[in-house]
Amino acid sequence: MDGQRMRSPLGRARGLGSAREGVEHWWMQRVTAVALIPLTLWFAASLIALTGSDYNAFIAWLKAPFVAILMVLLLIALFHHTALGLPVIVEDYVHSDQAKIPTVVAIRLVCFALVVVGIFATVRIAFGD
Amino acid sequence: MFIRSSNQLPSVTALKRFPVPRNFNVSTESRIERGKTWHAPADATRVKKFEIYRYDPDSGQNPRIDTYEVDLDTCGPMVLDALITIKNEIDPTLTFRRSCREGVCGSCSMNIDGTNWLACTRFISDTAEPATIYPLNHLRVIKDLVPDLTQLFAQYSLIEPWLQTTTPEPEKERLQSPEDRGKVDGFYECILCFCCTSGCPSHWWNGDRFLGPAVLLQSYRWLIDSRDEAAGDRLDDLEDPFRLYRCHTILNCTRTCPKQLNPGKAIAAIKKMIVQRTS
Amino acid sequence: MAHDKRPLSPHIQIYRPQLTSVLSISHRVTGIALIVGALLLVSWLLAAAAGPQAYSSVQGFMRSWLGLLLMLGWTFSLFFHLCNGIRHLVWDAGYGFELGTIYASGWTVVAASTALTVTAWFSSFVVMG
(Lines give C-alpha, C1' and ligand atoms only; values in the text may rest on other atoms or scores of the structure.)
Protein backbone atom coordinates (compact mmCIF):
# COMPACT_ATOMS: atom_id res chain seq x y z
CA MET A 1 0.00 0.00 0.00
CA ASP A 2 2.87 2.41 0.78
CA GLY A 3 4.31 2.02 -2.70
CA GLN A 4 1.01 3.24 -4.14
CA ARG A 5 1.14 6.61 -2.37
CA MET A 6 1.34 8.59 -5.58
CA ARG A 7 -1.45 6.65 -7.27
CA SER A 8 -4.81 8.38 -7.56
CA PRO A 9 -7.43 7.28 -5.01
CA LEU A 10 -9.66 5.97 -7.81
CA GLY A 11 -6.76 4.01 -9.30
CA ARG A 12 -6.05 2.48 -5.93
CA ALA A 13 -9.73 1.64 -5.33
CA ARG A 14 -10.15 0.13 -8.82
CA GLY A 15 -7.11 -2.07 -8.27
CA LEU A 16 -6.93 -4.92 -10.77
CA GLY A 17 -10.62 -4.60 -11.62
CA SER A 18 -13.48 -6.92 -10.89
CA ALA A 19 -12.78 -10.65 -11.06
CA ARG A 20 -16.25 -11.08 -12.58
CA GLU A 21 -16.71 -14.29 -10.67
CA GLY A 22 -17.74 -15.36 -7.19
CA VAL A 23 -21.35 -16.41 -7.54
CA GLU A 24 -20.45 -20.07 -8.06
CA HIS A 25 -18.62 -20.16 -4.73
CA TRP A 26 -21.49 -18.33 -3.00
CA TRP A 27 -24.09 -20.66 -4.47
CA MET A 28 -22.26 -23.93 -3.68
CA GLN A 29 -21.69 -22.78 -0.10
CA ARG A 30 -25.46 -22.43 0.27
CA VAL A 31 -26.21 -25.70 -1.54
CA THR A 32 -23.86 -27.66 0.74
CA ALA A 33 -25.35 -25.83 3.74
CA VAL A 34 -28.85 -26.94 2.78
CA ALA A 35 -27.61 -30.51 2.35
CA LEU A 36 -25.92 -30.38 5.74
CA ILE A 37 -29.11 -29.47 7.63
CA PRO A 38 -30.74 -32.91 7.46
CA LEU A 39 -27.41 -34.74 7.37
CA THR A 40 -26.06 -33.20 10.59
CA LEU A 41 -29.39 -33.60 12.36
CA TRP A 42 -29.35 -37.28 11.38
CA PHE A 43 -25.74 -37.58 12.53
CA ALA A 44 -26.39 -35.92 15.90
CA ALA A 45 -29.46 -38.08 16.49
CA SER A 46 -27.49 -41.21 15.57
CA LEU A 47 -24.68 -40.30 17.96
CA ILE A 48 -27.20 -39.88 20.76
CA ALA A 49 -28.81 -43.23 19.93
CA LEU A 50 -25.37 -44.87 19.86
CA THR A 51 -24.27 -43.55 23.28
CA GLY A 52 -22.58 -46.21 25.33
CA SER A 53 -22.70 -48.84 22.59
CA ASP A 54 -19.68 -51.05 22.00
CA TYR A 55 -17.54 -51.67 18.92
CA ASN A 56 -19.72 -54.39 17.42
CA ALA A 57 -22.88 -52.37 17.78
CA PHE A 58 -21.22 -49.43 16.04
CA ILE A 59 -19.95 -51.60 13.16
CA ALA A 60 -23.38 -53.24 12.77
CA TRP A 61 -24.94 -49.77 12.60
CA LEU A 62 -22.51 -48.47 10.00
CA LYS A 63 -22.77 -51.62 7.87
CA ALA A 64 -26.42 -50.88 7.04
CA PRO A 65 -26.51 -49.51 3.47
CA PHE A 66 -28.74 -46.56 4.40
CA VAL A 67 -26.37 -45.48 7.16
CA ALA A 68 -23.21 -45.96 5.10
CA ILE A 69 -24.66 -43.91 2.23
CA LEU A 70 -25.72 -41.08 4.56
CA MET A 71 -22.28 -41.10 6.17
CA VAL A 72 -20.59 -40.77 2.77
CA LEU A 73 -22.99 -37.94 1.82
CA LEU A 74 -22.28 -36.23 5.14
CA LEU A 75 -18.52 -36.43 4.58
CA ILE A 76 -18.77 -35.03 1.05
CA ALA A 77 -21.10 -32.16 2.02
CA LEU A 78 -19.11 -31.38 5.17
CA PHE A 79 -15.70 -31.21 3.53
CA HIS A 80 -17.00 -29.37 0.46
CA HIS A 81 -18.59 -26.76 2.77
CA THR A 82 -15.32 -26.55 4.72
CA ALA A 83 -13.16 -26.30 1.59
CA LEU A 84 -15.33 -23.40 0.44
CA GLY A 85 -15.61 -21.64 3.79
CA LEU A 86 -12.23 -21.96 5.50
CA PRO A 87 -10.24 -20.27 2.69
CA VAL A 88 -12.62 -17.29 3.01
CA ILE A 89 -11.65 -16.96 6.67
CA VAL A 90 -7.96 -17.10 5.74
CA GLU A 91 -8.45 -14.51 2.97
CA ASP A 92 -10.21 -12.21 5.43
CA TYR A 93 -7.33 -12.05 7.86
CA VAL A 94 -4.19 -12.99 5.93
CA HIS A 95 -3.20 -10.50 3.27
CA SER A 96 0.31 -11.40 2.22
CA ASP A 97 0.20 -13.58 -0.90
CA GLN A 98 3.21 -15.52 0.39
CA ALA A 99 1.24 -16.78 3.39
CA LYS A 100 -2.26 -16.79 1.94
CA ILE A 101 -1.90 -18.75 -1.28
CA PRO A 102 -0.04 -21.81 0.08
CA THR A 103 -2.47 -21.92 3.03
CA VAL A 104 -5.54 -21.84 0.81
CA VAL A 105 -4.10 -24.47 -1.52
CA ALA A 106 -3.18 -26.68 1.44
CA ILE A 107 -6.70 -26.37 2.88
CA ARG A 108 -8.30 -27.46 -0.38
CA LEU A 109 -5.92 -30.42 -0.79
CA VAL A 110 -6.27 -31.56 2.83
CA CYS A 111 -10.07 -31.39 2.66
CA PHE A 112 -10.05 -33.52 -0.48
CA ALA A 113 -7.68 -36.02 1.13
CA LEU A 114 -9.78 -36.21 4.29
CA VAL A 115 -12.98 -36.88 2.41
CA VAL A 116 -11.25 -39.70 0.54
CA VAL A 117 -9.95 -41.15 3.82
CA GLY A 118 -13.37 -40.89 5.42
CA ILE A 119 -15.14 -42.54 2.50
CA PHE A 120 -12.50 -45.27 2.38
CA ALA A 121 -12.97 -46.02 6.08
CA THR A 122 -16.77 -46.07 5.74
CA VAL A 123 -16.73 -48.32 2.68
CA ARG A 124 -14.19 -50.60 4.34
CA ILE A 125 -16.51 -51.07 7.31
CA ALA A 126 -19.64 -51.39 5.16
CA PHE A 127 -18.22 -54.13 2.93
CA GLY A 128 -15.79 -55.72 5.36
CA ASP A 129 -15.87 -58.55 7.91
CA MET B 1 -32.30 -6.49 24.12
CA PHE B 2 -34.91 -6.37 21.37
CA ILE B 3 -33.95 -3.56 19.05
CA ARG B 4 -36.60 -2.47 16.53
CA SER B 5 -34.94 0.58 15.02
CA SER B 6 -31.36 1.83 14.74
CA ASN B 7 -32.14 4.94 16.78
CA GLN B 8 -33.11 2.75 19.72
CA LEU B 9 -30.45 2.68 22.39
CA PRO B 10 -29.55 -0.61 24.05
CA SER B 11 -31.22 -1.10 27.41
CA VAL B 12 -28.59 -3.49 28.74
CA THR B 13 -24.84 -3.30 28.27
CA ALA B 14 -23.17 -6.66 28.71
CA LEU B 15 -19.90 -5.65 27.11
CA LYS B 16 -18.79 -2.11 26.27
CA ARG B 17 -16.03 -3.31 23.97
CA PHE B 18 -14.67 -6.62 22.72
CA PRO B 19 -12.26 -8.15 25.26
CA VAL B 20 -9.17 -7.05 23.35
CA PRO B 21 -6.32 -5.12 25.02
CA ARG B 22 -6.81 -1.41 24.36
CA ASN B 23 -3.63 -0.96 22.37
CA PHE B 24 -3.41 -4.53 21.05
CA ASN B 25 -1.80 -4.84 17.64
CA VAL B 26 -1.92 -1.07 17.29
CA SER B 27 0.97 0.49 15.37
CA THR B 28 3.18 2.87 17.32
CA GLU B 29 1.80 6.01 15.72
CA SER B 30 -1.78 4.97 16.54
CA ARG B 31 -1.34 4.21 20.24
CA ILE B 32 -3.69 6.33 22.29
CA GLU B 33 -2.35 8.02 25.42
CA ARG B 34 -3.91 9.80 28.37
CA GLY B 35 -4.53 13.48 27.74
CA LYS B 36 -5.54 16.41 29.87
CA THR B 37 -8.73 17.12 31.76
CA TRP B 38 -10.54 20.44 31.32
CA HIS B 39 -12.59 21.09 34.46
CA ALA B 40 -15.90 22.91 34.51
CA PRO B 41 -16.13 26.26 36.35
CA ALA B 42 -16.83 25.84 40.07
CA ASP B 43 -20.34 27.30 39.89
CA ALA B 44 -21.53 24.83 37.22
CA THR B 45 -24.48 22.73 38.38
CA ARG B 46 -25.24 20.18 35.62
CA VAL B 47 -21.81 18.93 34.64
CA LYS B 48 -21.24 16.20 32.06
CA LYS B 49 -17.92 14.60 31.16
CA PHE B 50 -16.92 14.00 27.55
CA GLU B 51 -13.85 11.85 26.77
CA ILE B 52 -12.78 12.86 23.30
CA TYR B 53 -10.09 11.45 20.97
CA ARG B 54 -7.56 14.13 20.13
CA TYR B 55 -4.78 14.10 17.56
CA ASP B 56 -2.62 17.03 16.54
CA PRO B 57 -0.65 16.30 13.35
CA ASP B 58 1.68 19.25 13.97
CA SER B 59 2.75 18.18 17.45
CA GLY B 60 4.44 14.93 16.48
CA GLN B 61 2.75 13.30 19.45
CA ASN B 62 0.50 10.29 19.62
CA PRO B 63 -3.28 10.57 19.80
CA ARG B 64 -4.70 11.06 23.30
CA ILE B 65 -8.01 11.16 25.14
CA ASP B 66 -8.92 14.56 26.60
CA THR B 67 -11.68 14.84 29.17
CA TYR B 68 -13.95 17.88 29.02
CA GLU B 69 -16.39 18.82 31.76
CA VAL B 70 -19.27 20.71 30.16
CA ASP B 71 -21.93 22.70 31.98
CA LEU B 72 -25.09 21.42 30.29
CA ASP B 73 -26.93 24.64 31.16
CA THR B 74 -24.70 26.47 28.69
CA CYS B 75 -25.10 24.02 25.87
CA GLY B 76 -27.79 22.71 23.49
CA PRO B 77 -29.24 19.20 23.79
CA MET B 78 -27.26 17.36 21.12
CA VAL B 79 -23.74 15.96 21.23
CA LEU B 80 -22.81 18.33 18.40
CA ASP B 81 -23.95 21.25 20.58
CA ALA B 82 -21.56 20.03 23.28
CA LEU B 83 -18.68 19.82 20.79
CA ILE B 84 -19.44 23.36 19.57
CA THR B 85 -19.65 24.64 23.17
CA ILE B 86 -16.29 23.02 23.92
CA LYS B 87 -14.77 24.61 20.82
CA ASN B 88 -16.28 28.04 21.53
CA GLU B 89 -15.73 28.29 25.26
CA ILE B 90 -13.21 25.72 26.48
CA ASP B 91 -10.74 24.53 23.83
CA PRO B 92 -10.77 26.17 20.40
CA THR B 93 -8.36 23.58 18.98
CA LEU B 94 -10.99 20.80 19.04
CA THR B 95 -11.58 19.96 15.37
CA PHE B 96 -14.57 18.17 13.84
CA ARG B 97 -16.66 18.25 10.67
CA ARG B 98 -20.19 19.69 10.88
CA SER B 99 -22.60 21.62 8.70
CA CYS B 100 -26.37 21.29 8.68
CA ARG B 101 -26.85 20.39 12.39
CA GLU B 102 -30.07 18.58 11.46
CA GLY B 103 -29.00 15.12 10.31
CA VAL B 104 -29.08 15.57 6.53
CA CYS B 105 -25.55 16.41 5.43
CA GLY B 106 -23.60 13.51 6.97
CA SER B 107 -20.63 15.65 8.06
CA CYS B 108 -20.65 15.06 11.82
CA SER B 109 -20.62 11.24 11.75
CA MET B 110 -18.46 9.84 14.53
CA ASN B 111 -18.24 7.02 17.07
CA ILE B 112 -20.24 7.95 20.18
CA ASP B 113 -20.20 5.52 23.13
CA GLY B 114 -18.95 2.72 20.90
CA THR B 115 -21.35 3.01 17.97
CA ASN B 116 -21.39 5.27 14.92
CA TRP B 117 -24.01 8.01 14.65
CA LEU B 118 -24.42 11.67 13.71
CA ALA B 119 -23.43 13.99 16.54
CA CYS B 120 -26.23 16.41 15.66
CA THR B 121 -29.00 13.85 16.10
CA ARG B 122 -27.71 12.14 19.26
CA PHE B 123 -29.12 13.60 22.48
CA ILE B 124 -26.56 14.19 25.24
CA SER B 125 -29.09 12.68 27.64
CA ASP B 126 -28.82 9.42 25.66
CA THR B 127 -25.07 9.16 26.16
CA ALA B 128 -23.15 7.39 28.91
CA GLU B 129 -21.32 9.16 31.72
CA PRO B 130 -18.66 9.93 30.66
CA ALA B 131 -19.58 10.07 26.98
CA THR B 132 -16.77 8.68 24.81
CA ILE B 133 -16.28 10.20 21.39
CA TYR B 134 -13.95 8.76 18.77
CA PRO B 135 -13.60 9.40 15.03
CA LEU B 136 -15.11 6.90 12.58
CA ASN B 137 -13.33 3.55 12.88
CA HIS B 138 -10.32 2.16 11.04
CA LEU B 139 -9.62 5.33 9.06
CA ARG B 140 -6.50 7.48 8.94
CA VAL B 141 -7.06 10.48 11.20
CA ILE B 142 -6.27 13.91 9.76
CA LYS B 143 -6.89 15.76 13.03
CA ASP B 144 -8.96 15.09 16.17
CA LEU B 145 -12.34 13.75 14.98
CA VAL B 146 -11.70 14.31 11.26
CA PRO B 147 -10.97 11.02 9.41
CA ASP B 148 -9.59 10.72 5.88
CA LEU B 149 -12.54 9.68 3.73
CA THR B 150 -10.63 9.79 0.42
CA GLN B 151 -10.63 6.04 -0.12
CA LEU B 152 -14.33 5.74 0.73
CA PHE B 153 -15.26 8.41 -1.81
CA ALA B 154 -12.95 6.78 -4.37
CA GLN B 155 -14.84 3.52 -3.86
CA TYR B 156 -18.06 5.47 -4.36
CA SER B 157 -16.90 6.90 -7.68
CA LEU B 158 -15.80 3.38 -8.71
CA ILE B 159 -19.43 2.24 -8.93
CA GLU B 160 -20.28 5.10 -11.34
CA PRO B 161 -23.21 6.53 -9.37
CA TRP B 162 -25.01 8.18 -12.28
CA LEU B 163 -27.69 7.22 -14.78
CA GLN B 164 -26.21 5.15 -17.60
CA THR B 165 -28.25 4.69 -20.77
CA THR B 166 -27.69 3.77 -24.40
CA THR B 167 -31.23 4.71 -25.48
CA PRO B 168 -31.06 8.28 -26.77
CA GLU B 169 -32.52 11.01 -24.58
CA PRO B 170 -36.27 11.44 -24.97
CA GLU B 171 -37.76 14.84 -25.75
CA LYS B 172 -38.90 15.39 -22.21
CA GLU B 173 -38.17 13.19 -19.17
CA ARG B 174 -37.34 9.49 -19.02
CA LEU B 175 -40.59 7.92 -17.91
CA GLN B 176 -40.88 6.02 -14.65
CA SER B 177 -44.00 4.65 -12.99
CA PRO B 178 -44.73 5.52 -9.35
CA GLU B 179 -44.13 1.85 -8.46
CA ASP B 180 -40.70 1.89 -10.08
CA ARG B 181 -39.88 5.18 -8.40
CA GLY B 182 -40.94 3.55 -5.13
CA LYS B 183 -38.25 0.89 -5.56
CA VAL B 184 -35.59 3.52 -5.02
CA ASP B 185 -37.11 4.54 -1.66
CA GLY B 186 -34.95 3.50 1.25
CA PHE B 187 -31.80 3.82 -0.85
CA TYR B 188 -31.67 7.29 -2.37
CA GLU B 189 -31.87 8.88 1.08
CA CYS B 190 -28.32 7.86 1.98
CA ILE B 191 -26.30 10.92 3.03
CA LEU B 192 -22.92 9.18 2.67
CA CYS B 193 -22.03 9.70 6.31
CA PHE B 194 -20.15 6.35 6.23
CA CYS B 195 -21.27 5.33 9.72
CA CYS B 196 -22.10 1.92 8.28
CA THR B 197 -18.88 1.35 6.33
CA SER B 198 -16.64 2.38 9.19
CA GLY B 199 -18.59 0.09 11.52
CA CYS B 200 -18.21 -2.97 9.30
CA PRO B 201 -15.55 -5.42 10.59
CA SER B 202 -15.12 -6.82 7.08
CA HIS B 203 -14.29 -3.32 5.82
CA TRP B 204 -11.83 -2.94 8.72
CA TRP B 205 -9.87 -5.99 7.58
CA ASN B 206 -10.32 -5.57 3.79
CA GLY B 207 -11.26 -1.94 3.27
CA ASP B 208 -8.84 -1.56 0.36
CA ARG B 209 -10.80 -4.06 -1.76
CA PHE B 210 -14.23 -4.52 -0.13
CA LEU B 211 -16.56 -1.71 -1.18
CA GLY B 212 -18.48 -1.58 2.10
CA PRO B 213 -22.19 -1.10 2.86
CA ALA B 214 -22.58 2.57 1.89
CA VAL B 215 -21.11 2.13 -1.59
CA LEU B 216 -22.94 -1.17 -2.15
CA LEU B 217 -26.23 0.40 -1.07
CA GLN B 218 -25.69 3.13 -3.66
CA SER B 219 -24.83 0.46 -6.28
CA TYR B 220 -28.16 -1.13 -5.54
CA ARG B 221 -29.86 2.26 -5.86
CA TRP B 222 -28.66 2.44 -9.45
CA LEU B 223 -29.26 -1.25 -10.17
CA ILE B 224 -32.97 -1.03 -9.36
CA ASP B 225 -33.54 2.37 -10.95
CA SER B 226 -35.78 1.45 -13.89
CA ARG B 227 -34.36 4.26 -16.03
CA ASP B 228 -30.82 2.85 -15.81
CA GLU B 229 -29.79 0.51 -18.64
CA ALA B 230 -26.39 -0.66 -17.39
CA ALA B 231 -27.41 -3.22 -14.76
CA GLY B 232 -25.42 -5.98 -16.45
CA ASP B 233 -22.20 -3.97 -16.49
CA ARG B 234 -22.78 -2.82 -12.91
CA LEU B 235 -23.25 -6.42 -11.76
CA ASP B 236 -20.13 -7.50 -13.70
CA ASP B 237 -18.12 -4.90 -11.83
CA LEU B 238 -19.55 -5.98 -8.48
CA GLU B 239 -19.24 -9.74 -8.86
CA ASP B 240 -15.85 -10.08 -7.21
CA PRO B 241 -14.72 -12.11 -4.17
CA PHE B 242 -13.67 -8.90 -2.47
CA ARG B 243 -15.73 -6.01 -3.85
CA LEU B 244 -19.05 -7.65 -2.99
CA TYR B 245 -18.48 -11.04 -1.44
CA ARG B 246 -16.51 -9.88 1.58
CA CYS B 247 -19.94 -9.10 2.97
CA HIS B 248 -20.69 -11.90 5.43
CA THR B 249 -24.01 -10.42 6.56
CA ILE B 250 -22.57 -9.21 9.87
CA LEU B 251 -25.30 -6.49 9.82
CA ASN B 252 -23.51 -3.88 11.95
CA CYS B 253 -24.41 -1.55 9.08
CA THR B 254 -28.18 -1.85 9.45
CA ARG B 255 -27.81 -1.62 13.23
CA THR B 256 -25.96 1.68 13.07
CA CYS B 257 -27.49 3.68 10.18
CA PRO B 258 -28.52 7.11 11.52
CA LYS B 259 -31.05 7.46 8.68
CA GLN B 260 -32.66 4.04 9.42
CA LEU B 261 -31.64 2.68 6.02
CA ASN B 262 -30.86 -1.00 5.42
CA PRO B 263 -27.55 -1.63 3.63
CA GLY B 264 -27.60 -5.31 4.61
CA LYS B 265 -30.85 -5.81 2.77
CA ALA B 266 -29.55 -3.99 -0.31
CA ILE B 267 -26.42 -6.14 -0.44
CA ALA B 268 -28.49 -9.32 -0.13
CA ALA B 269 -30.63 -8.07 -3.02
CA ILE B 270 -27.50 -7.50 -5.14
CA LYS B 271 -26.34 -11.06 -4.42
CA LYS B 272 -29.78 -12.33 -5.42
CA MET B 273 -29.63 -10.38 -8.68
CA ILE B 274 -26.29 -11.99 -9.50
CA VAL B 275 -27.69 -15.48 -8.83
CA GLN B 276 -30.80 -14.68 -10.88
CA ARG B 277 -28.78 -14.10 -14.01
CA THR B 278 -27.05 -17.49 -13.75
CA SER B 279 -30.23 -19.57 -14.02
CA MET C 1 5.15 12.74 4.12
CA ALA C 2 2.95 13.51 7.09
CA HIS C 3 0.26 11.32 5.56
CA ASP C 4 2.24 8.16 6.36
CA LYS C 5 2.35 9.08 10.02
CA ARG C 6 -1.38 9.58 10.36
CA PRO C 7 -2.70 7.31 13.09
CA LEU C 8 -5.45 4.77 12.42
CA SER C 9 -8.62 5.46 14.38
CA PRO C 10 -9.51 2.68 16.84
CA HIS C 11 -11.97 0.03 15.70
CA ILE C 12 -12.34 -3.30 17.44
CA GLN C 13 -10.72 -1.78 20.51
CA ILE C 14 -13.65 0.58 21.10
CA TYR C 15 -16.62 -0.53 18.96
CA ARG C 16 -19.53 -1.72 21.04
CA PRO C 17 -20.27 -5.45 20.73
CA GLN C 18 -23.84 -5.83 19.49
CA LEU C 19 -25.98 -8.87 18.80
CA THR C 20 -25.21 -8.46 15.10
CA SER C 21 -21.43 -8.63 15.37
CA VAL C 22 -21.34 -11.06 18.32
CA LEU C 23 -23.51 -13.70 16.65
CA SER C 24 -21.60 -13.25 13.41
CA ILE C 25 -18.18 -13.88 14.97
CA SER C 26 -19.69 -16.77 16.96
CA HIS C 27 -20.88 -18.30 13.68
CA ARG C 28 -17.30 -18.16 12.43
CA VAL C 29 -15.78 -19.48 15.67
CA THR C 30 -18.26 -22.37 15.89
CA GLY C 31 -17.53 -23.14 12.25
CA ILE C 32 -13.84 -23.50 13.08
CA ALA C 33 -14.71 -25.65 16.09
CA LEU C 34 -16.75 -27.90 13.80
CA ILE C 35 -13.74 -28.35 11.52
CA VAL C 36 -11.89 -29.78 14.49
CA GLY C 37 -14.94 -32.00 14.99
CA ALA C 38 -14.78 -33.08 11.36
CA LEU C 39 -11.16 -34.14 11.84
CA LEU C 40 -12.25 -36.12 14.90
CA LEU C 41 -15.03 -37.73 12.86
CA VAL C 42 -12.61 -38.92 10.21
CA SER C 43 -10.17 -40.27 12.79
CA TRP C 44 -13.07 -42.03 14.54
CA LEU C 45 -14.10 -43.72 11.29
CA LEU C 46 -10.50 -44.67 10.55
CA ALA C 47 -10.10 -46.14 14.02
CA ALA C 48 -13.29 -48.17 13.58
CA ALA C 49 -12.08 -49.47 10.22
CA ALA C 50 -8.72 -50.37 11.76
CA GLY C 51 -10.23 -52.65 14.35
CA PRO C 52 -11.50 -52.94 17.95
CA GLN C 53 -8.24 -51.90 19.64
CA ALA C 54 -7.83 -48.67 17.69
CA TYR C 55 -11.53 -47.94 18.18
CA SER C 56 -11.44 -48.46 21.94
CA SER C 57 -8.52 -46.04 22.35
CA VAL C 58 -10.48 -43.32 20.50
CA GLN C 59 -13.57 -44.25 22.50
CA GLY C 60 -11.54 -44.03 25.71
CA PHE C 61 -10.40 -40.53 24.86
CA MET C 62 -13.99 -39.47 24.12
CA ARG C 63 -15.01 -40.71 27.58
CA SER C 64 -12.24 -38.81 29.39
CA TRP C 65 -13.05 -35.46 30.97
CA LEU C 66 -11.22 -33.65 28.19
CA GLY C 67 -13.11 -35.66 25.58
CA LEU C 68 -16.46 -34.91 27.20
CA LEU C 69 -15.61 -31.21 27.43
CA LEU C 70 -14.72 -31.20 23.73
CA MET C 71 -17.94 -33.04 22.96
CA LEU C 72 -19.94 -30.42 24.88
CA GLY C 73 -18.20 -27.65 22.96
CA TRP C 74 -18.69 -29.50 19.70
CA THR C 75 -22.42 -30.17 20.25
CA PHE C 76 -23.10 -26.55 21.16
CA SER C 77 -21.04 -25.41 18.16
CA LEU C 78 -22.99 -27.79 15.94
CA PHE C 79 -26.41 -26.58 17.05
CA PHE C 80 -25.43 -22.92 17.07
CA HIS C 81 -23.83 -23.08 13.61
CA LEU C 82 -26.86 -25.03 12.36
CA CYS C 83 -29.48 -22.62 13.72
CA ASN C 84 -27.54 -19.48 12.77
CA GLY C 85 -26.82 -21.11 9.40
CA ILE C 86 -30.54 -21.42 8.77
CA ARG C 87 -30.85 -17.73 9.78
CA HIS C 88 -28.19 -16.96 7.15
CA LEU C 89 -30.06 -18.98 4.51
CA VAL C 90 -33.23 -16.99 5.25
CA TRP C 91 -31.22 -13.77 4.75
CA ASP C 92 -29.79 -15.13 1.51
CA ALA C 93 -33.33 -15.69 0.28
CA GLY C 94 -33.92 -12.00 0.97
CA TYR C 95 -36.08 -12.17 4.11
CA GLY C 96 -35.70 -11.07 7.69
CA PHE C 97 -33.69 -7.88 7.28
CA GLU C 98 -35.82 -5.54 9.37
CA LEU C 99 -33.90 -4.71 12.53
CA GLY C 100 -36.65 -6.09 14.77
CA THR C 101 -36.53 -9.41 12.92
CA ILE C 102 -32.72 -9.49 13.00
CA TYR C 103 -32.77 -9.19 16.78
CA ALA C 104 -35.71 -11.55 17.34
CA SER C 105 -34.19 -14.24 15.10
CA GLY C 106 -30.81 -13.73 16.75
CA TRP C 107 -32.11 -14.34 20.25
CA THR C 108 -34.15 -17.28 18.92
CA VAL C 109 -30.95 -18.84 17.58
CA VAL C 110 -29.23 -18.44 20.95
CA ALA C 111 -32.19 -19.97 22.79
CA ALA C 112 -32.66 -22.79 20.28
CA SER C 113 -28.97 -23.78 20.27
CA THR C 114 -28.90 -23.91 24.06
CA ALA C 115 -32.14 -25.89 24.17
CA LEU C 116 -30.96 -28.34 21.51
CA THR C 117 -27.63 -28.85 23.28
CA VAL C 118 -29.33 -29.52 26.61
CA THR C 119 -31.84 -31.87 24.96
CA ALA C 120 -29.11 -33.77 23.15
CA TRP C 121 -27.04 -34.32 26.28
CA PHE C 122 -30.10 -35.21 28.34
CA SER C 123 -31.22 -37.74 25.72
CA SER C 124 -27.72 -39.12 25.63
CA PHE C 125 -27.78 -39.76 29.36
CA VAL C 126 -31.22 -41.36 29.07
CA VAL C 127 -30.02 -43.71 26.32
CA MET C 128 -27.00 -44.68 28.40
CA GLY C 129 -29.36 -45.60 31.22
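Note that this is a predicted model, so its numbers are computed, not measured. (Residues numbered from 1 in each chain as written. Chains lettered and ligands numbered in written order. Predicted model: local features only at pLDDT ≥ 70, side-chain atom pairs only at ≥ 80, totals over all residues.)

Chemist: Please provide a residue-by-residue account of the overall build of chain B, values included.
Modeler: The secondary structure content of chain B amounts to nine helices and eight strands. When its C-alpha atoms are laid out on the principal axes, chain B stretches across 70 × 40 × 40 Å. Burial status across chain B gives 40% buried among its 279 residues. A separation of at least 24 residues holds for 68% of the contacts in chain B among residues at least 6 apart in sequence. (Helix = DSSP H or I, 4+ residues; strand = E, 2+ residues; numbered from the N terminus. Buried ≥ 20, exposed ≤ 12 C-beta atoms within 10 Å, placed from the backbone. Contact = placed C-beta atoms within 7 Å.)

Chemist: Summarise unusual backbone geometry; cite the residues concerned and give the values.
Modeler: Residue and element names in this part refer to chain B. Note that the residue after Glu129, namely Pro130, is joined by a cis bond; omega there is 0°. Within the fold, Pro130 resides in the loop between β5 (115-118) and β6 (131-134). Phi is positive for His138, close to 55°, though the residue is something other than glycine. The residue Leu192 is not glycine, and still its phi comes out positive at about 55°.

Chemist: Tell me about helix α6 (residues 213-223) of chain B, residues and numbers included.
Modeler: A large share of α6 of chain B lies buried, amounting to eleven of its eleven residues. Here α6 of chain B has its buried residues at Pro213, Ala214, Val215, Leu216, Leu217, Gln218, Ser219, Tyr220, Arg221, Trp222 and Leu223 of chain B.

Chemist: Any details on the interface of chain A and chain C? Residues and values, ideally.
Modeler: If you look at the interface, chain A gives 27 residues, while chain C gives 24 residues. Per element, the largest residue contribution to the side of chain A that touches chain C is eight residues, and it comes from helix α2 (residues 23-49) of chain A. A class-by-class count of the residues in the side of chain A that touches chain C yields 17 nonpolar, seven polar and three charged. (Nonpolar A, V, L, I, M, F, W, Y, C, P; charged D, E, K, R; others polar.)

Chemist: Tell me about the domain arrangement of chain B, and please be specific about residues and values.
Modeler: Residues and elements named next belong to chain B. Domain annotation for chain B reports domain 1 (28-147) and domain 2 (150-163 + 178-276). Listed as interface residues are 14 residues of domain 1 and, on the opposing side, eleven residues of domain 2. In terms of residue count, β5 provides more of the side of domain 1 that touches domain 2 than any other element does, four residues in total. A breakdown of the residues in the side of domain 1 that touches domain 2 according to their chemical character gives six nonpolar, eight polar and no charged. (Domains from an automatic or database assignment.)

Chemist: Residues and numbers for the pairing of strand β3 (residues 64-71) of chain B, please.
Modeler: All names here are of chain B. Bridge count between strand β1 (residues 33-38) and β3: four bridges; the pairing is parallel. When the bridges of β3 are listed, Thr37 appears paired with Thr67. Direction of pairing for strand β2 (residues 47-54) relative to β3: antiparallel, over a ladder of eight bridges. Across the sheet, the residue bridging to Lys48 is Val70, located in β3. (Pairing = 2+ DSSP bridges.)

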